[in-house]
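# Residue-level structure breakdown
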Amino acid sequence: RPSNRRRNAGPTPAQCLPRPWEDLKSWPERACPAAAAHAFVRAADARTKEESCPAPDQVAAAVRCSPLEERIVEGLRPDSGHHRKGAVMRPAANSSSVAEAESVIRGHGPFFKVTPKYLVNAFGMMFLLQQLVLATLWLVGLVSVQAIYLMAQLISLNGLLFSAQSIDPKFRLVDSVTTTWAYLTLTASGTFPMYDGLENAPDGPALYVCNHASWMDMPIVGVMFTRIALAKKKNPVSFDLFKVIAKEDLLKLPVLGYAISSGHHVTVNRQCRRSQIRAFRQAKEWVEGGTSLLTFPEGTRSPDGRMQSFRGGAFKIALSLGAKVVPVSLTSTHHVMPKQALLPTAPGGWFSPNNSDPAMRAPPLRVTLHPAIDTKGKKEEEIAQEVWTAISSGLPENQKPLDSTPPLKNAKTS
């Protein structure tokens with residue numbers, strides 16, 4: 001468009017888009033947030049010289065969800081060409097689950113917004129003070145382990161006498177320090193999940209696949225492998241821990257990124273083909289060496305706790321290596337730390353906080369291991385469907401995926 005049309009004009013279409021999830025509640029209940037956002041953009045385009053955007057109720061009152069826009073709300077990628085060029089759409093979260101998560105936040109002290117997107121309450125501030133101590137101890141432990149590795153390398157005369165890596169080829173010391181931090185974090189925050197189906201863990205290496213709804217999923221599943229060792233009456237120290245298949249972006253986080261790199265976990269850049277090949281080779285080495293892998297195939301945390309579509313990379317690794325896949329259901333972790341919270345907002349476990357309002361109690365956390373799935377002779381879609389069904393069977397109704405959500409991303413819906 002000519003530049004003079006925007007001169008002294010009102011808000012741009014992008015500025016007229018609905019703000020993060022908390023502002024969507026002000027829209028009429030019958031209106032579709034995705035469709036209303038589209039109408040917002042179209043109306044703003046037509047009224048560029050107005051001083052203000054159209055009122056939400058004026059736009060949303062005449063808007064109803066089309067099948068395509070319902071897919072947008074459910075978090076799926078819309079068909080190409082539907083969006084106006086330059087418009088950014090965000091999938092809407094399930095309103096009842098978001099409201100339920102916010103009620104838990106409100107029920108554990110006053111909260112405030114750190115950013116327009118993230119909330120923090122009194123419990124989160126207490127957790128932050130604890131983590132200043134625990135994260136420092138975690139970092140000191142990781143640095144101490146690296147000092148031990150360096151000392152071993154010096155004693156071996158840089159590998160002339162013996163291989164320094166032979167002392168700890170699987171970097172168990174690094175992972176043991178991280179697991180200790182996970183135990184302390186869960187204990188200090190009052191988070192005590194129940195672990196069911198530990199006997200379903202195979203004796204050999206496998207790919208453990210979990211749904212992902214909270215940052216607290218990592219310490220919870222980190223403790224899981226030690227619980228498996230105790231359930232199988234093995235020595236937790238000698239029992240192989242696990243390696244995580246994680247986004248390369250996590251390496252930028254303080255302490256956690258250092259733990260991932262020091263433990264030689266598998267990191268992948270989804271946009272880089274070379275990084276994907278390197279991650280596959282690294283995962284293959286770990287599995288062939290007898291070490292299990294852990295991944296969250298959704299690729300990101302669910303905004304409302306409902307299971308989202310899987311990315312197919314993890315299943316391709318299991319299929320090519322012939323490794324078994326163990327589905328793991330993580331229940332109610334989003335109540336402890338929802339995606340909209342910067343820090344945990346409530347304790348969780350086999351007890352409920354003392355609150356007279358049942359709606360403000362964090363439900364018990366549960367980790368359920370399902371029987372291992374054999375991948376031999378199966379296609380990627382078949383494995384994904386079996387894992388999808390198994391994980392969904394262990395989730396409550398408010399976390400089960402919507403009927404129109406396919407197991408694999410970009411899969412065609414019926």
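Thresholds, definitions, all that
Per-chain numbering applies: the sequence of each chain, read as written, is numbered from 1 onward. The predicted nature of this model means local features are confined to residues of pLDDT at least 70 and side-chain atom pairs, given and counted, to a pLDDT of 80 or more, with totals for whole chains, interfaces and linings taken over all residues. Values shown for side chains rest on all heavy atoms present in the structure; no hydrogens or waters enter the calculation. Exposed residues in this analysis have more than 50% of their type's maximum accessible area, buried residues have under 20%, and partly exposed residues fall in between, with area computed by a 1.4 Å probe over protein chains only. Secondary structure elements are taken from DSSP: a helix is a run of H or I of four residues or more, a strand is a run of E of two residues or more, and numbering for both begins at the N terminus. A pair of strands is considered paired only if DSSP assigns at least 2 bridges between the two. Pairing of aromatic side chains here covers Phe, Tyr and the six-membered ring of Trp, requires ring centres within 6.5 Å, and sorts the geometry by plane angle: under 30 degrees stacked, over 60 edge-to-face, intermediate tilted. Two limits define a charge over a ring: the Lys NZ or Arg CZ must be within 6 Å of the ring centre, and within 35 degrees of the ring normal. What is meant by a nonpolar core is a set of buried Ala, Val, Leu, Ile, Met, Phe, Trp, Tyr and Cys residues, joined one to another through side-chain atoms within 4.5 Å. By definition, residues are in contact when any of their heavy atoms lie within 4.5 Å. Lines fitted to the C-alpha atoms define the axes, with helices restricted to the stretch that makes contact. Angles between their N-to-C directions range from 0 to 180 degrees.

This brings us to the pairing of strand β5 (residues 206–210). Of all 5 residues in β5, 5 are buried, a share of seventy percent or more. A two-sided burial pattern is seen for β5, the buried positions comprising A206, Y208 and C210 on one face and L207 and V209 on the other.

Attention now goes to the pairing of strand β11 (residues 366–369). Looking at chain direction, strand β4 (residues 194–196) and β11 are connected through 3 bridges and run parallel. Counterpart to M194 in the pairing with β11 is R366. Pairing of strand β9 (residues 324–331) with β11 involves 4 bridges; the strand directions are antiparallel. The partner of L330 across the bridge, within β11, is V367.

What follows deals with the packing of aromatic side chains. Applying the stated rule across the entire model yields 6 aromatic pairs. Summarising the aromatic geometry, the rings of W138 and W181 are spaced 4.1 Å apart at their centres and angled 15° between planes, so their arrangement reads as stacked. Here W181 lies in helix α6 (residues 172–188) and W138 lies in helix α5 (residues 122–155), a separation of 43 residues in the sequence. Summarising the burial analysis for this pair, W138 and W181 share the class buried. Note on F225 and F242: the rings are 4.4 Å apart at their centroids and 15° apart in plane angle, and the pair reads as stacked. Here the residue F225 occupies a position in helix α7 (residues 217–231), and F242 occupies one in strand β6 (residues 242–247), the gap between them amounting to 17 residues. Exposure remark for F225: the relative accessible area of 1% places this residue in the buried category. Of the aromatic side chains, those joined through ring pairs into one cluster are Y208, F225 and F242. The positively charged end of K243 is found above the aromatic ring belonging to W286, 4.8 Å away from the centroid.

Turning next to the nonpolar core. Counting 68 residues, the largest nonpolar core has Y208, M224, V328, L369 and V387 as its most contacted members. The biggest single contributor to this core is α7, with 6 residues. Look past the residues within four positions of V387 in its chain and what remains in contact with it is V209, F310, F315, V325, P327 and I373.

In any sheet, the strands associate via hydrogen bonds between backbone groups, in a parallel or an antiparallel arrangement. Pairing is mixed across the open sheet formed by 7 strands, whose spatial order is β4-β11-β9-β5-β8-β6-β7. Of all the strands in the sheet, the pair left with one neighbour each is β4 and β7 (266–268). Strand-to-strand, the axes of this sheet are offset by a mean angle of 20°, without reference to chain direction. Both β6 and β7 contribute to a ladder of 3 bridges, which runs parallel. Residue A246 lies in a different strand from β7, and its bridge partner there is T267.

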